[in-house]
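What follows is the residue order along each chain.
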Amino acid sequence: MQAEVVMEPNELIKKVRKIEIRTKALSHQIFAGEYHSAFKGRGMTFSEVREYQWGDDVRNMEWNVTARMRSPYIKVYEEERELTVVLLIDMSRSGLFGSSVRTKRELIAEIAAVLSFSAIINNDKVGAIFFSSKVEKFSPPKKGRSHLLHIIREVLEFQPENDGTDLSQALRFLTNAIKKKCTAFVLSDMLDVNADATPRYEDALKVAVNRHDLGVIQVYDPRERELPAVGLVHVKDSETGDDAWINTDSRKVRRQYEEWFGAVSATTEKMLNKYQIDSVSIATNEDYAKGLMAFFKKR
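What comes next concerns the included structure. (Residues numbered from 1 in each chain as written. Predicted model: local features only at pLDDT ≥ 70, side-chain atom pairs only at ≥ 80, totals over all residues. Heavy atoms only, no water.)

1. Comments concerning the overall build of the protein
On a plain count of helices and strands, the protein comes out with 9 helices and 10 strands. Looking at the protein as a whole, 46% of its 299 residues qualify as buried. Taking the intrachain contacts of the protein between residues at least 6 apart in sequence as the baseline, contacts between residues at least 24 apart amount to 76%. Carbon and sulfur atoms provide 49% of the accessible area of the protein, an area that totals close to 15,700 Å². (Helix = DSSP H or I, 4+ residues; strand = E, 2+ residues; numbered from the N terminus. Buried < 20%, exposed > 50% of the residue type's maximum accessible area, 1.4 Å probe, protein only. Contact = heavy atoms within 4.5 Å. Areas by Shrake-Rupley, 256 points an atom, 1.4 Å probe, with all protein chains shown as cover.)

2. A few points about the packing of helix H3 (residues 104–121) against helix H9 (residues 288–298)
Where H3 contacts H9, the two axes come as close as 11 Å, and the packing angle between them is 50 degrees. If you check the angle between H3 and H9, you find them oblique. With respect to the hand of their crossing, H3 and H9 are arranged in right-handed fashion. Every residue of H9 that contacts H3 at Leu-107, Glu-110, Ile-111, Val-114 and Leu-115 is listed here: Tyr-288, Leu-292 and Phe-296. (Axes fitted to C-alpha atoms, helices over the stretch in contact; angles between N-to-C directions. Parallel < 35°, antiparallel > 145°, perpendicular 65-115°, else oblique. Left-handed = near helix turned anticlockwise from the far one by under 90°.)

3. Focus: the pairing of strand S4 (residues 125–131)
Most of S4 sits inside the fold, with 6 of its 7 residues counted as buried. The pairing of strand S3 (residues 84–90) with S4 spans 7 bridges and is parallel. Among the inter-strand pairings, Ile-89 is bridged to a residue of S4, identified as Phe-130. Taking the sense of rotation as the criterion, the β-α-β connection linking S3, H3 and S4 turns out right-handed. (Pairing = 2+ DSSP bridges. Right-handed = clockwise from strand over helix to strand, strands pointing away.)

4. What about the pairing of S3?
Burial analysis of S3 places 7 of its 7 residues in the buried class, which makes it a mostly covered element. Burial along S3 is two-sided: Thr-84, Val-86, Leu-88 and Asp-90 and Val-85, Leu-87 and Ile-89, pointing in opposite directions, are all buried. Sheet topology places S3 next to strand S6 (residues 183–188); 5 bridges connect them, and they run parallel. The partner of Val-86 across the bridge, within S6, is Ala-184.

5. Some thoughts on the pattern of salt bridges
As enumerated under the stated definition, the model contains 9 salt bridges in all. Two residues, Arg-50 and Asp-56, come together in a salt bridge whose shortest N-O distance is 2.9 Å. Arg-50 gets classed as partly exposed once you look at its relative accessible area, which sits at 26%. Between Glu-154 and Lys-137 there is a salt bridge whose closest N-O contact spans 2.2 Å. Taken together, the residues Glu-154 in helix H4 (residues 145–157) and Lys-137 in strand S5 (residues 135–142) connect sequence positions 17 residues apart. (Salt bridge = Lys/Arg side-chain N within 4 Å of Asp/Glu carboxyl O.)

6. Let's talk about the nonpolar core
The biggest cluster of nonpolar side chains holds 38 residues, and the ones touching the most others in it are Ile-89, Ile-111, Leu-187 and Ile-217. Looking at this core element by element, the count peaks at 10 residues for H3. If near-sequence neighbours (up to four positions away) are discounted, Ile-89 is found in contact with Ile-108, Ala-112, Ala-128, Ile-129, Phe-130, Phe-131, Ile-151, Val-155 and Leu-187. Within the second largest apolar cluster, 24 residues are counted, among which are Tyr-201, Ala-208, Leu-214 and Val-216. (Core = buried A, V, L, I, M, F, W, Y, C linked by side-chain atoms within 4.5 Å.)

Structure below.
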């Protein structure tokens, strides 16, 4: 059983500051340009009406003004640069697992910080939905460094009331709480599946992706993909509390587990492709900068 991680105030401040220094530099040096390229032009707002010029798109004709002035006029639009970014942050108990340099929760905190700093550089608002098997907390979209640091502190320190994962709850909350189209990132291990390894949240995802620009950043630990051969082991599901003894020396047991994890990954990827949702998988022992760069470039 994993113990609750409760940091002392000074330790928490140091950890948040360390994340800020590392991720802020990445955002300025690398991600700001990629972020702008990935999301520019997502929204267009009406600017003015002017006379038609050769080469203008006739689909933008302003017919009322054209009729009144007896000369062709078109509507001019400008890029709506200020975006609203919402992070859907998985706070379920499985996020406390980590077998190498960091836990999944710590990796999510750093990725959330990079996305948030990139948004702030572009003068965008950032909000966060913290969820487990329910929505635990909602930080409405705002601008500013202090708000961003508050989100990072919550990822590291917040103790959810529930251990499980229900992505449907978070996606439905996004749909209901954010009326204007936003850019939303799901930061999760995405281990929310039925007995047959199919995602439980497809219906909620289908509605959310029609309202918002959705991306998925899946985090995982290498030890989750395959079991080491270390003999008889007592294991416990950190979210459900179910436990069992398994013989990891058995090739059959290890193969069955690998097949299950592979099936979960395959069905998740198939569903995301079905709804044309960009995604990336990043391990706790990997350089997440490379994964995020690839993610932005796909957009």
